[in-house]
Amino acid sequence: AQTVTQSQPEMSVQEAETVTLSCTYDTSESDYYLFWYKQPPSRQMILVIRQEAYKQQNATENRFSVNFQKAAKSFSLKISDSQLGDAAMYFCAYRNVNDMRFGAGTRLTVKP
Amino acid sequence: KAGVTQTPRYLIKTRGQQVTLSCSPISGHRSVSWYQQTPGQGLQFLFEYFSETQRNKGNFPGRFSGRQFSNSRSEMNVSTLELGDSALYLCASSLEQFRTDTQYFGPGTRLTVL
């Protein structure tokens, strides 16, 4: 079974600084997708960024970028120029044709 | 476009009862997935519906069921409620089937079982 591991239950970053959230996954599949979702205190999940496993190029979305290491099964999220609005739970997720798995989440605090 | 909506937002039930939760996807989206979120187990996939058919199912007992209507709206039913069913139930919709498309989540239904 596929598993997704987020080893950092909590992270803290100073406003305007950069922070990296870690995620590793386990799969025997070759075709899959990886996602980072953000869940602010209001509880609505928002897609931050997605990565197709067949693409070697790391995905970027404005201040958000990933470091996708397929061989190592690692998928970290880098948030640059952190803002107060980035404070939330961040979930790493894996999806293939049959299943979707989430990590336990990392709670990110942004200090002014 | 309006986002994914879920009703009701909050629900209190007692053990043994059954409950039905509703999800309206984004207009034009044909796939609806359901997830259970608890502090202990985190986010777990329940099932996915596409074109009124269940396409994928997570590892949940048969007390959890769902259906999708021709307008893509979906309902999830939990029968014989247990205390452990207390959770936030999230619905997510996507244009196409599960595998390749980005999912958009609703605000969730908070179910409390007493």
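Keep in mind it's a predicted model, so treat the numbers as computed, not measured.

How each quantity is defined
The residue numbers shown here count from 1 along each chain, following its written sequence. Starting at A for chains and at 1 for ligands, labels are handed out in the order in which the entities are written. Only residues with pLDDT of 70 or above have their local features reported here, since the model is predicted, and side-chain atom pairs are shown and tallied only from 80 upward, although totals for entire chains, interfaces and linings are computed over all residues. Excluding hydrogens and water, the side-chain values take into account all heavy atoms of the structure. The score called pLDDT rates the predictor's confidence residue by residue, from a low of 0 to a high of 100. Put simply, DSSP H or I for four residues or longer makes a helix, DSSP E for two residues or longer makes a strand, and each gets a number counted from the N terminus. Pairing of aromatic side chains here covers Phe, Tyr and the six-membered ring of Trp, requires ring centres within 6.5 Å, and sorts the geometry by plane angle: under 30 degrees stacked, over 60 edge-to-face, intermediate tilted. Three exposure classes are used, based on accessible area relative to the maximum for each residue type with a 1.4 Å probe and protein chains only: buried under 20%, partly exposed in between, and exposed over 50%. We call two strands paired when DSSP finds no fewer than two bridges between them. Angles here are taken between N-to-C directions and fall from 0 to 180 degrees, while the axes themselves are lines fitted to C-alpha atoms, restricted in helices to the stretch in contact. Contacts are residue-level and defined by heavy atoms, with any inter-residue pair within 4.5 Å sufficient. Two parts placed together each lose some accessible area under a 1.4 Å probe, and adding up what both lose gives the buried area. Polar contact criterion, stated in full: a pair of N or O atoms within 3.5 Å, where within protein one must be able to donate a hydrogen and the other to accept it, and residues adjacent in sequence count only if both atoms are side-chain atoms.

Student: Quick one: what's the story with the confidence of the model for chain A, residue by residue and with numbers?
Tutor: Per-residue confidence for chain A gives a mean pLDDT of 93, with 98% of residues at or over 70. The least confident element of chain A, judged by mean pLDDT, is strand S11 (residues 100–102) of chain A at 90; the most confident is strand S3 (residues 19–21) of chain A at 98.

Student: Can you break down the packing of aromatic side chains residue by residue, with the values?
Tutor: Residue and element names in this part refer to chain A. Applying the stated criterion across every chain, the model contains 14 aromatic pairs over all chains. Arranged with centres 5.4 Å apart and planes meeting at 65°, the rings of Tyr 25 and Tyr 32 form a pair that is edge-to-face. Classification of Tyr 32 as buried rests on a relative accessible area of 2%. Here Tyr 32 and Tyr 94 contribute two aromatic rings whose centre-to-centre distance is 5.2 Å and whose plane-to-plane angle is 35°, an arrangement assigned as tilted. Taken together, the residues span a long stretch of sequence, with Tyr 32 in the loop between strand S4 (24–26) and strand S5 (33–39) and Tyr 94 in strand S10 (residues 88–95) at a distance of 62 residues. Residue Tyr 32 shares its accessibility class with Tyr 94, and that shared class is buried.

Student: Quick rundown of the pairing of strand S9 (residues 87–94) of chain B? Include the residues and the values.
Tutor: Residue and element names in this part refer to chain B. Taking burial as the measure, the eight residues of S9 include eight buried ones, the bulk of the element. Two strands pair when backbone bridges link them, and strand S4 (residues 31–38) and S9 are joined in this way by seven bridges, in the antiparallel orientation. Paired with Trp 34 across the strands is Cys 91, a residue of S9. Pairing between S9 and strand S10 (residues 104–105): two bridges, direction antiparallel. From the neighbouring strand, Ser 93 faces S10, where its bridge partner is Tyr 104.

Student: Describe the sheet that holds strand S8 (residues 74–78) of chain B, and please don't skip the residues or the numbers.
Tutor: All names here are of chain B. If you walk across this open sheet you meet the four strands as S1-S3-S8-S7, and the pairing is antiparallel. Of all the strands in the sheet, the pair left with one neighbour each is strand S1 (5–7) and strand S7 (64–68). Shown here is a sheet whose adjacent strand axes are inclined to one another by a mean of 20°, direction ignored. Note that S1 and strand S3 (residues 19–24) share three bridges and pair antiparallel. Pairing of Thr 7 across the sheet is with Ser 22, part of S3.

Student: Quick rundown of the interface of chain B and chain A? Include the residues and the values.
Tutor: The interface of chain B with chain A comprises 18 residues on the first partner and 17 residues on the second. Between chain B and chain A the total buried area reaches about 1,700 Å² when both faces are included, carbon and sulfur atoms providing 49% of it. Linking chain B with chain A are four residue pairs in polar contact (both at pLDDT 80 or more), by the criterion used here. For the side of chain B that touches chain A, the secondary structure elements donating two or more residues are S4, strand S5 (42–50) and S9 of chain B.

Student: Can you lay out the side chain of Asn 77 of chain B for me, pointing to particular residues and giving the numbers?
Tutor: All names here are of chain B. Summarising the element assignment, Asn 77 is placed in strand S8. A relative accessible area of 18% places Asn 77 in the buried class. At a separation of 3.3 Å, a polar atom in the side chain of Asn 77 contacts the main-chain carbonyl oxygen of Val 19.

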